[in-house]
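So you can see what is in the structure, the chains are spelled out below.
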Amino acid sequence: MSGSTVGVQEQAEGHFVDLSRVTLLDSLGSEDQTWDKLAPRWCVTQPEPPWKVCLDATCDALSAGGALDSLERRHAEDELGETLYSEIPNPERQLVSLAHIMLSRGLMTEEELARHIRTVRARLEAV
Amino acid sequence: MANTHNHGDHDHSEDGGHDHAAAPMVDEISDFEVLELAVRELAIEKGLFTAEDHRAFSEWNDARSPAAGSRMVAKAWTDPAYKSRVFDDPLAASKEVGVDWSEPSGFGTTSDYMHLTVLEDTPEVHHVIVCTLCSCYPRPLLGHSPYWYRSPNYRRRLVRWPREVLAEFGLLLPPEVELRVEDSNAKSRFMVLPVRPAGTNGWTEEQLAEIVTRDTMIGIAMPKPGRTSDGPHPIHKASRPVHSGGRPTEASP
């Protein structure tokens, strides 16, 4: 985790969320990239982006595999959604919160995530 | 003008083109779309779950919607024997409308324990569901919970001031109607079976299912002829701090 700490990190318990800001996540997604802005811009009426189903599946798979319990994730989502990411609408808030929690728990590092973001974007934009 | 032929639900012109305009789509790649894919692929690379696990859960999630719950309610309204089964064995009754709570793993998901109670509304008693713990919800029958249902504000206030909160959703209950708030928990899921409204005599199950919307099965709205969709609802911020579980008292900011 990087950036200034606006909350408390307690590694000893390990079951609550680190409220330090994450530079990588803060740098993502200007406001006009959220689905509630994108969809009307492209005259799309679906209420949720196509990736929402995949996000929910990731949450289910993380819990089923024992990596991130659903209840712990939901508690952390609640806290992050009312603090660091309160200005981001859903489902983007749910997604950014999940990434934050996974970084906070050490399930991945910022460097790894940054690398994958670059790789994925390059792949999607290759045509 | 090109000849056309019918493919069931849409027409093709003989030259291979379509006579109708393609459905609009978002033709730009957002940071959030990239982030979702990056998180997923990184999790798979690290062995947190497999691609096959993710595919199974994606297909399961994609198939969920309130339509299954709507069918269950409509069938219960028209078939007294089925209605009895809804209360006696709701998981078996779910199967009769195409929902198997054991999917996709054989024992459901970790968020959908196989214990369901259907709450019967009457003219004298109205039910509404909540999960004060997190956002437990009968996903197999209703799909994913709306974000307002997940918000700490709704969860905290509904159990304290249920009539007032229902009024905010536009549901004004007469004082003589008893209101019961059912709080889901880690192992139990609830769904409301609303009262069949007047003016629906002779309707088919399909007609009835159209007015059984998600909100009527949560209990924040009543079904009525002509009401076939739920409007958007605001999400209010909690005025007091929200702490994730396990935070020791001395660590609270």
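Residues numbered from 1 in each chain as written. Chains lettered and ligands numbered in written order. Predicted model: local features only at pLDDT ≥ 70, side-chain atom pairs only at ≥ 80, totals over all residues.

## Considering the overall build of chain A
Next, step 1: For chain A, the helix and strand inventory stands at six helices and zero strands.
Next, step 2: Reading the helices (α) and strands (β) of chain A from amino to carboxyl end gives α-α-α-α-α-α.
Next, step 3: Considering only contacts in chain A between residues 6 or more positions apart, those separated by 24 or more positions represent 51%. (Helix = DSSP H or I, 4+ residues; strand = E, 2+ residues; numbered from the N terminus. Contact = placed C-beta atoms within 7 Å.)

## Topic: the domain arrangement of chain B
Next, step 1: Looking at the assigned domains, one finds that chain B contains domain 1 (29–62) and domain 2 (67–218).
Next, step 2: Each of domain 1 of chain B and domain 2 of chain B has a C-alpha centre, and these two points are 30 Å apart. (Domains from an automatic or database assignment.)

## What to know about unusual backbone geometry
Next, step 1: Following Asn90 of chain A, the chain continues into Pro91 of chain A via a peptide bond in cis, with omega recorded as 5°.
Next, step 2: Assignment of secondary structure puts Pro91 of chain A in the loop between α4 (70–82) and α5 (92–104).
Next, step 3: With an omega dihedral of 0°, the bond running from Glu103 of chain B to Pro104 of chain B counts as a cis peptide bond.
Next, step 4: Of note in this structure, Cys43 of chain A is not a glycine but carries a positive phi near 60°.
Next, step 5: Of note, Cys43 of chain A is situated in the loop between α2 (35–41) and α3 (51–64).

## Here we look at the environment of Met102 of chain A
Next, step 1: Secondary-structure assignment places Met102 of chain A in helix α5.
Next, step 2: As a C-alpha pair, Met102 of chain A and Leu28 of chain A span 74 residues in sequence and 16 Å in three-dimensional space.

## Digging into the interface of chain B and chain A
Next, step 1: Between chain B and chain A, the contact holds 48 residues from the first and 56 residues from the second.
Next, step 2: Those elements that provide at least two residues to the side of chain B that touches chain A are α1 (31–45) and α2 (51–62) of chain B.
Next, step 3: Top element by residues in the side of chain B that touches chain A is α1 of chain B. It accounts for 13 residues.
Next, step 4: Looking at the side of chain B that touches chain A residue by residue, the class counts come to 23 nonpolar, 14 polar and 11 charged. (Nonpolar A, V, L, I, M, F, W, Y, C, P; charged D, E, K, R; others polar.)

## Some words on helix α6 (residues 110–124) of chain A
Next, step 1: The end-to-end C-alpha separation of α6 of chain A is 21 Å, in line with the 21 Å expected for 15 residues at 1.5 Å each.
Next, step 2: Among the residues making up α6 of chain A, those that are buried are Leu113, His116, Ile117 and Val120 of chain A. Buried positions in α6 of chain A, seen along its axis, are confined to an arc of 105° and lie on one side of it. Within α6 of chain A, the exposed residues directed more than 90 degrees away from the buried face are Glu111, Arg118 and Ala122 of chain A.
Next, step 3: At its buried positions, α6 of chain A is contacted by α1 (23–26) and α5 of chain A together with α1 of chain B. (Expected span 1.5 Å × (residues − 1). Buried ≥ 20, exposed ≤ 12 C-beta atoms within 10 Å, placed from the backbone. Arc of directions from axis to C-beta.)

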